[in-house]
Amino acid sequence: MSRIIHEKAGQKADRTELVSREQMRQAYYSAPDVIKPVKNGTSGHRGTTGEAFTDLHVAAMTQALIDIRRAKGSFGPDLPAGLAAKWGQPPLGPVLAGKDVRFSSDFALETAAEVFAGNAMPLIIQRGDRATPTPVISRTILRKNGQGSNVEGVIITASHNPPEEAGYKSNGRNGGPNTQTRPIDERANHYLNHPELIKRKDYERAVREQLVIEEDFMQPYVSELDRVIDLDVLKGVPFAATPLGGSAHGYYEAINDHYRTSFTVIMPEPDPSGTQKTRDWDGKLRGDPSSEYVMKALEGFREKLGVPFIGANDNDADRFGGEDATAGILNPNHVLCVLFDYLCRYRDWPPQRGIGRTIGTTHLLDLIAAEHRRPVHEVNVGFKYYVDGLITGQYILAGEESAGLCLPCRDGSLWITEKDGIAAVLLIMEIIARTGKDMGTLYTDLVSRFGPHQYERIDMPATPMKKNRLLELCRDPQEVRLRLESQKIAGCSVERLVIGDGIKVVLEGGIWVLKRASGTENIIKDYREERGDSLETVRKASAEIDALLDLPE
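Small disclaimer: the values here were computed from a predicted structure and weren't measured. (Residues numbered from 1 in each chain as written. Predicted model: local features only at pLDDT ≥ 70, side-chain atom pairs only at ≥ 80, totals over all residues. Heavy atoms only, no water.)

Some details on the pattern of salt bridges
Item 1. Counted under the stated rule, the structure contains 53 salt bridges.
Item 2. In this structure, Asp-280 engages Arg-286 in a salt bridge whose closest nitrogen and oxygen atoms are separated by 3.3 Å.
Item 3. Note on Arg-286: relative accessible area 11%, which makes it buried.
Item 4. For Arg-434, the salt bridge identified is with Glu-430, shortest N-O distance 3.1 Å. Taken together, the residues span about one helical turn, with Arg-434 and Glu-430 both in helix 14 (residues 421-435) at a distance of four residues.
Item 5. Here Glu-430 falls in the buried class, since its relative accessible area comes to 0%.
Item 6. The network of salt bridges with common partners includes Glu-456, Lys-466, Lys-515, Asp-526, Arg-528, Arg-539 and Asp-546. (Salt bridge = Lys/Arg side-chain N within 4 Å of Asp/Glu carboxyl O. Buried < 20%, exposed > 50% of the residue type's maximum accessible area, 1.4 Å probe, protein only. Helix = DSSP H or I, 4+ residues; strand = E, 2+ residues; numbered from the N terminus.)

Considering the pairing of strand 21 (residues 511-517)
Item 1. Across the seven residues that make up strand 21, a large majority, seven, are buried.
Item 2. What you see with strand 21 is no split at all: Ile-511, Val-513, Lys-515 and Ala-517 on one side and Trp-512, Leu-514 and Arg-516 on the other are buried throughout.
Item 3. As paired strands, strand 20 (residues 502-507) and strand 21 are joined by five bridges and run antiparallel to one another. Pairing of Val-506 across the sheet is with Trp-512, part of strand 21.
Item 4. Here strand 20 folds back onto strand 21 in antiparallel fashion, the turn holding three residues, of which Gly-509 has a positive phi close to 85°.
Item 5. Summarising the sheet, strand 21 and strand 22 (residues 523-531) pair through seven bridges and their orientation is antiparallel. Bridge pairing links Ala-517 to Ile-524 in strand 22. (Pairing = 2+ DSSP bridges.)

Topic: the packing of aromatic side chains
Item 1. Considering all chains together, one arrives at eleven aromatic pairs under this definition.
Item 2. Here the aromatic rings of Tyr-221 and Trp-415 are separated by 5.7 Å at their centres, their planes lie at 45°, and the arrangement is tilted. Here Trp-415 lies in the loop between strand 16 (404-406) and helix 14 and Tyr-221 lies in helix 8 (residues 218-224), a separation of 194 residues in the sequence. By the burial criterion, Tyr-221 is buried, and Trp-415 matches it.
Item 3. For the pair Tyr-455 and Trp-512, a centre-to-centre distance of 6.0 Å together with 65° between the ring planes defines the contact as edge-to-face. With Tyr-455 in strand 17 (residues 453-461) and Trp-512 in strand 21, this residue pair connects regions lying 57 residues apart in the sequence. As far as burial versus exposure is concerned, Tyr-455 and Trp-512 are alike and both buried. (Phe/Tyr/Trp six-rings, centres within 6.5 Å; stacked < 30°, edge-to-face > 60°.)

Concerning the sheet that holds strand 7 (residues 212-215)
Item 1. Read from one edge of the open sheet, seven strands run 1-2-6-5-3-4-7, paired in mixed fashion. Edge strands, defined here as strands with exactly one partner in the open sheet, are strand 1 (40-41) and strand 7.
Item 2. In the sheet, strand 3 (residues 95-99) pairs with strand 5 (residues 152-156) via five bridges, with the strands oriented parallel. If you follow Gly-98 over to strand 5, its bridge partner there is Ile-155.
Item 3. Strand contacts of helix 4 (residues 103-118): strand 3, strand 4 (123-126), strand 5, strand 6 (165-171) and strand 7, with the helix running at about 165° to strand 3, the strand carrying the most contacts. (Contact = heavy atoms within 4.5 Å. Axes fitted to C-alpha atoms, helices over the stretch in contact; angles between N-to-C directions.)

Considerations on the sheet that holds strand 10 (residues 309-313)
Item 1. Taken in spatial order, the five strands of this open sheet run 9-8-10-11-12, and their pairing is mixed. Where the open sheet ends on each side, the last strands, each with one partner, are strand 9 (264-265) and strand 12 (328-329).
Item 2. Note that strand 11 (residues 320-324) and strand 12 share two bridges and pair antiparallel. Within strand 12, the residue paired with Glu-323 across the bridge is Ile-329.
Item 3. Against the sheet, helix 14 contacts strand 8 (240-242), strand 10 and strand 11, and its axis sits at roughly 165° relative to strand 10.

Regarding helix 2 (residues 55-72)
Item 1. End to end, helix 2 covers 26 Å across 18 residues, agreeing with the expected 26 Å (1.5 Å per residue, within 8%).
Item 2. Counting buried positions along helix 2 gives 14 out of 18 residues, so the element sits mostly inside the fold.
Item 3. In the segment just after helix 2, Gly-73 is the residue with positive phi, at about 90°. (Expected span 1.5 Å × (residues − 1).)

A few points about the layout of surface pockets
Item 1. Approximately 360 Å³ is the volume found for the second largest pocket.
Item 2. Lining the second largest pocket are 16 residues, with Leu-83, Lys-86, Trp-87, Leu-142 and Leu-414 positioned closest to its centre.
Item 3. Only helix 3 (81-87), helix 5 (134-146) and helix 13 (387-392) provide two or more residues apiece to the lining of the second largest pocket.
Item 4. Classifying every residue of the lining of the second largest pocket by side-chain character gives seven nonpolar, four polar and five charged. (1 Å grid on protein atoms, 1.4 Å probe; cavity = no way out; pocket = protein on both sides within 12 Å on 5 of 7 lines; lining within 4 Å. Points joined across faces, edges and corners; volume = space filled by probe spheres on them. Nonpolar A, V, L, I, M, F, W, Y, C, P; charged D, E, K, R; others polar.)

Topic: the side chain of Ser-402
Item 1. Mapped onto the elements of the fold, Ser-402 is located in the loop between strand 15 (395-400) and strand 16.
Item 2. Taking relative accessible area as the criterion, Ser-402 reaches 13% and is therefore assigned buried.

Some remarks on the packing of helix 2 against helix 6 (residues 182-193)
Item 1. Interaxial distance between helix 2 and helix 6 falls to 8 Å at its minimum, and their mutual angle equals 125°. It follows from the interaxial angle that helix 2 and helix 6 lie oblique. Crossing angle aside, the handedness with which helix 2 passes helix 6 is right-handed. Where helix 2 abuts helix 6, its residues Leu-56, His-57, Ala-60, Met-61, Gln-63, Ala-64, Leu-65, Asp-67 and Ile-68 lie against Pro-183, Ile-184, Arg-187, Ala-188, Tyr-191 and Leu-192.
Item 2. Its residues assigned to classes, the contact of helix 2 with helix 6 shows eleven nonpolar, two polar and two charged. (Parallel < 35°, antiparallel > 145°, perpendicular 65-115°, else oblique. Left-handed = near helix turned anticlockwise from the far one by under 90°.)

This is the structure in structure tokens:
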């Protein structure tokens, strides 16, 4: 029931194993014998460069986005009624484009710009050809639209995935991840088969004709961070942060300059090939700052610098991570619990605002919410399911176990409708500076109040047969209920089933299991939590659920 740890996990890659810019260029502009389809998942379309991510894929997706935007006024979902009335429907404005530091992202941004230009739709990019974090694009969309513009955004990123992977996602007028992706897939796949219908204009010509416009996204975002974080309490307190070679490079330095903080920035330069990264549990060069193996790259820095906390972000800076003296590498579930409890105590927000958690996130949050008499909002996995609730002010905190979160501005107004890993790192620093306690100590305090909760998520390799079987069951809630509802599982009664984005089985006594199929790999994600000191019962329950659902080995 446990994954096999790669023999090189936690180690740096040999330089001969790293991808080069020229390798990625050749792969990106290749014409594969079999063209894999465009398929948007929880966060856009992703694929290996040269296979499911090529010049043609990006061109086809861009043309699809343009067609949809022109036909319905937006390539994203409709705005909530209140926001639609407030903003109105001005004529279509430019599209904002961000990218991470991958080599493929550089090429893909140029492709996207050529197609936008070929359709006479201006594209605004970051001045100086630098990377832009995902939360910065979200904030910029909301700011501009609030000022009377009508802009949307695209972000070229595969998040924390390895350097050879690439991705392309869209954010609508609401600044959040696009939930209306099926039409994008349908139109993009049509263009894959009819590339002659895609309109393009040479990049240099597009620049000359001012269809590609440079603008600074960084400084406006940095100058507004004190709206969401109390940065005054950080002055004079020693902290460290790292972009882990990703698109947050330069942001912590800009924060220092603007707010007179004194963060030490580790591994500050962009690292598109992963020269400074250490391999994740399966040997891949991911940028997941919540992985103990990825964070081996920072080993010894905190002690050497004498700081209580090092914060970290993934490649597009929508995820958070870090290390402190008590907890070591931070567990995202533990961080969410500490942050939620802190915000309940130190932000004066209406009592109807509660916690947003995904179906795979710890239920300890529910107990904290009950103590503070605040509601719990459970959503499917994917930050796009939080967007409307963020806009309408449902949450003190919206978070997920995979190290993503968002919170309102300190006055309760909307910050962004995406995950913000930079704001998350700064909030952790605010908590440590204000309370004088690190995250490990604060989580221990919660355990003393609510009791221990044991949690694990296992990403298990799965045969296509097993993965397809799980997907079929997710589409057939009646069969799942017939197989599970009346059963005793690991000796416990079933209290609740959640069927849709996976199958979640909630048992009596604070025990639950969630099984989800990966959208991009032959992997089943097995989430488990048990109230108490052991995972023995929930592990037994997970195995019994496999048998009851007839999920093959």
